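# Observations on the model geometry
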Amino acid sequence: MIETDMSKLTKEFSDIQAELLPKVKLENTFKKDEIKLIAGVDLAYWEEHGKTFGTCCIIVIDYHSKEVIENVYSYGEITVPYIAGFLAFRELPLIMKAVEKLTVEPDLYMFDGNGYLHYRHMGIATHASFFLHKPTIGVAKSYLRIKEVDFQMPENQAGAYTNIVIDSEIYGRALRTTKNVKPIFVSCGNWIDLDTSTEMVMSCVNKESRLPIPVRLADLETHRVRKQLAHK
DNA sequence: GCGACAG
DNA sequence: ATCTTGTCGC
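Residues numbered from 1 in each chain as written. Chains lettered and ligands numbered in written order. Predicted model: local features only at pLDDT ≥ 70, side-chain atom pairs only at ≥ 80, totals over all residues. Heavy atoms only, no water.

## Some remarks on the protein's contact with DNA strand B
Operational definition: Definition of nearness: a residue and a molecule or strand are near each other if at least one heavy atom of the residue lies within 4 Å of the molecule or strand. Side-chain atoms alone can form a polar contact between residues adjacent in sequence; in general such a contact is a pair of N or O atoms within 3.5 Å, and within protein one must be able to donate a hydrogen while the other accepts it. Nonpolar residues are Ala, Val, Leu, Ile, Met, Phe, Trp, Tyr, Cys and Pro. Charged residues are Asp, Glu, Lys and Arg, and all others, Gly as well, are polar.
For DNA strand B, the set of nearby residues contains 19 residues, the closest of which are Tyr82, Gly85, Asn114, Lys141 and Ser142. Considering the 4 Å shell around the protein, atoms of DNA strand B inside it are sugar or phosphate in 47% of instances. Within the backbone of Phe86, one N or O atom sits 3.2 Å away from a base nitrogen of DNA strand B. At 3.1 Å from a base nitrogen of DNA strand B is found a main-chain nitrogen or oxygen belonging to Ile124. Grouping the constituent residues of the surface near DNA strand B by class yields eight nonpolar, six polar and five charged.

This is the structure:
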């Protein structure tokens, strides 16, 4: 029974992903020098009374000064299970709830998770773009293996990368943002190309973390908010 | 049945 | 994602 529920769900979800796919454009729909605000999105979870709750934090920084411009969050019960390949369906509700609280309009969103680097090219960064109506980039900390294709380890030098090619198509890139640290996995979300995505990610990295600042700060913030909300 | 499996 | 201390290294 739980078995059939799950296959119904994945069928329904993959149909939605297939509908969105033709609308993806891996080209810049903006001018790079017009980028001012970059948002980072992340979530944290906890259990309470046998239910799963989550909080979504969005940090907006100024691309040039790296100063934090805005910091908002949302929280609530999480009802959709985690299924690899369908992360957006689980996290999008709280993400949009947090987006509604923004008073500024980010020019670009970075996500903790993949975009085009996905079984059906519909990772959370790509999926979310259709609700945000803004360019998005996927930034994952671990590799999602597709069609048994492994990634090639980039050189141990900041900025080094290798493309992840599957069936002659570039899905994304393993990017070494910092020397002596594991690479991260960058892919286009939507309305941006891979070179620009890589450039944006590299411009947001500092010595403190291998992740771009907006995503890193959002991650830290979710932990702080969880402490404030959980067990109450 | 077994292994894989973003967050 | 989350449960968790110390510990090796720059």
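That shown, we press on.
## Notes on the UniProt feature "binding site: Mg(2+)" (unreviewed entry) in chain A
We count it as follows: UniProt positions are given in the numbering used here, feature names are shortened, and annotations may be inferred rather than shown by experiment. Within this scheme a cavity is a closed region of a 1 Å grid, computed over the protein atoms alone, that accommodates a 1.4 Å probe without allowing it to escape, whereas a pocket is open but has protein on both sides within 12 Å along at least five of seven lines; lining residues each have an atom within 4 Å of a point. Numbering of helices and strands runs from the N terminus; a helix is a DSSP stretch of H or I covering at least four residues, while a strand is a stretch of E covering at least two. Any pair of residues with heavy atoms lying within 4.5 Å of one another is described as a contacting pair.
UniProt records the feature "binding site: Mg(2+)" (unreviewed entry) at Asp42 and Asp112, using the numbering of this structure. The greatest C-alpha distance among the annotated residues, which extend across 71 residues, is 5.9 Å, indicating that they converge on a single site. The subset of these annotated residues that lines the largest cavity comprises Asp42 and Asp112. By the element assignment, Asp42 lies in strand S1 (residues 37-48). Apart from residues no more than four positions distant in its own chain, Asp42 is found in contact with Thr55, Cys56, Cys57, Asp112, Ala218, Asp219 and Thr222. Relative to the elements of secondary structure, Asp112 occurs in strand S4 (residues 108-112). Asp112 has contacts with Val41, Asp42, Leu87, Ile124, Val139, Lys141 and Val215, leaving out every residue within four places of it along the chain. Side-chain polar atoms of Asp112 contact the side chain of Lys141, separated by 2.8 Å.

## Let's talk about the sheet that holds strand S2 (residues 51-62)
Put simply, the rule reads: Paired strands are those between which DSSP finds at least two bridges. Each axis is a line fitted through C-alpha atoms, taken for helices only over the stretch in contact, and angles between the N-to-C directions span 0 to 180 degrees.
The sheet built from eight strands is open, its strands ordered S3-S2-S1-S4-S5-S8-S7-S6 with mixed pairing. Edge positions in the sheet fall to strand S3 (68-77) and strand S6 (161-166), since each has one partner strand and no second. On average, adjacent strands in this sheet sit at an angle of 25 degrees to one another, irrespective of strand direction. In terms of strand pairing, S4 meets strand S5 (residues 136-140) through four bridges, oriented parallel. What sits directly across from Met110, in S5, is Ile137. Helix H5 (residues 213-229) contacts S1, S2, S3 and S4 of the sheet and is inclined by roughly 30 degrees relative to S1.

## Observations concerning the protein's contact with DNA strand C
Close to DNA strand C lie Ala44, Tyr45, Lys141, His223 and Arg226. At 2.9 Å, a side-chain N or O of Lys141 approaches a phosphate oxygen of DNA strand C. For DNA strand C, a phosphate oxygen lies 2.3 Å from a polar atom in the side chain of Arg226. Counting residues per element, the ones that place at least two in the surface near DNA strand C are S1 and H5. In the surface near DNA strand C, the residues fall into two nonpolar, one polar and two charged.

## Topic: the nonpolar core
Within soluble globular proteins, side chains that are nonpolar generally end up buried alongside one another. Here is the rule: Among buried residues, the Ala, Val, Leu, Ile, Met, Phe, Trp, Tyr and Cys ones that are joined through side-chain atoms within 4.5 Å form a nonpolar core. In this scheme, a residue with accessible area under 20% of its type's maximum is buried, one over 50% is exposed, and one in between is partly exposed, where area comes from a 1.4 Å probe on protein chains only.
In this structure, Ile38, Met110, Ile137, Met200 and Val201 are the most contacted members of the largest nonpolar core, which totals 30 residues. Those elements that place two or more of their residues in this core are S2, S4, S5, strand S8 (184-190), helix H4 (194-203) and H5. For Ile137, the residues in contact, after removing those within four places along its chain, are Leu108, Tyr109, Met110, Phe111, Ala125, Val186, Ser187, Gly189, Ile192, Ser197, Met200 and Val201. In terms of nonpolar packing, the next biggest core, distinct from the first, is built from 22 residues, Val60, Ile78, Leu94 and Tyr109 among them.

## Comments concerning the packing of helix H2 (residues 87-99) against helix H3 (residues 124-132)
Formally: An angle below 35 degrees is treated as roughly parallel, one above 145 as roughly antiparallel, one from 65 to 115 as roughly perpendicular, and anything else as oblique. Each crossing gets its hand from how the near helix is turned against the far one by less than a right angle, where anticlockwise is left-handed and clockwise is right-handed.
H3 packs onto H2 with a crossing angle of 40 degrees between their chain directions and a minimal axis gap of 10 Å. The orientation of H2 with respect to H3, classified from their angle, is oblique. The crossing of H2 and H3 is right-handed. Of the residues in H3, those in contact with Leu87, Ala88, Phe89, Glu91, Leu92, Ile95, Met96 and Val99 of H2 are Ile124, His127, Ala128, Phe131 and Leu132. Split by residue class, the contact of H2 with H3 holds eleven nonpolar, one polar and one charged.

## A closer look at H5
Operational definition: Expected helix span is computed as 1.5 Å times (number of residues minus one).
Between its terminal C-alpha atoms H5 stretches 24 Å, which fits the 24 Å expected from 17 residues at 1.5 Å a residue. Listed in full, the buried residues belonging to H5 are Ile213, Pro214, Val215, Ala218, Asp219, Glu221, Thr222, Val225 and Leu229. Elements that come into contact with the buried residues of H5 comprise S1, S2, S3 and S4. Count one or two residues on from H5 and you reach His231, which has phi positive near 55 degrees.

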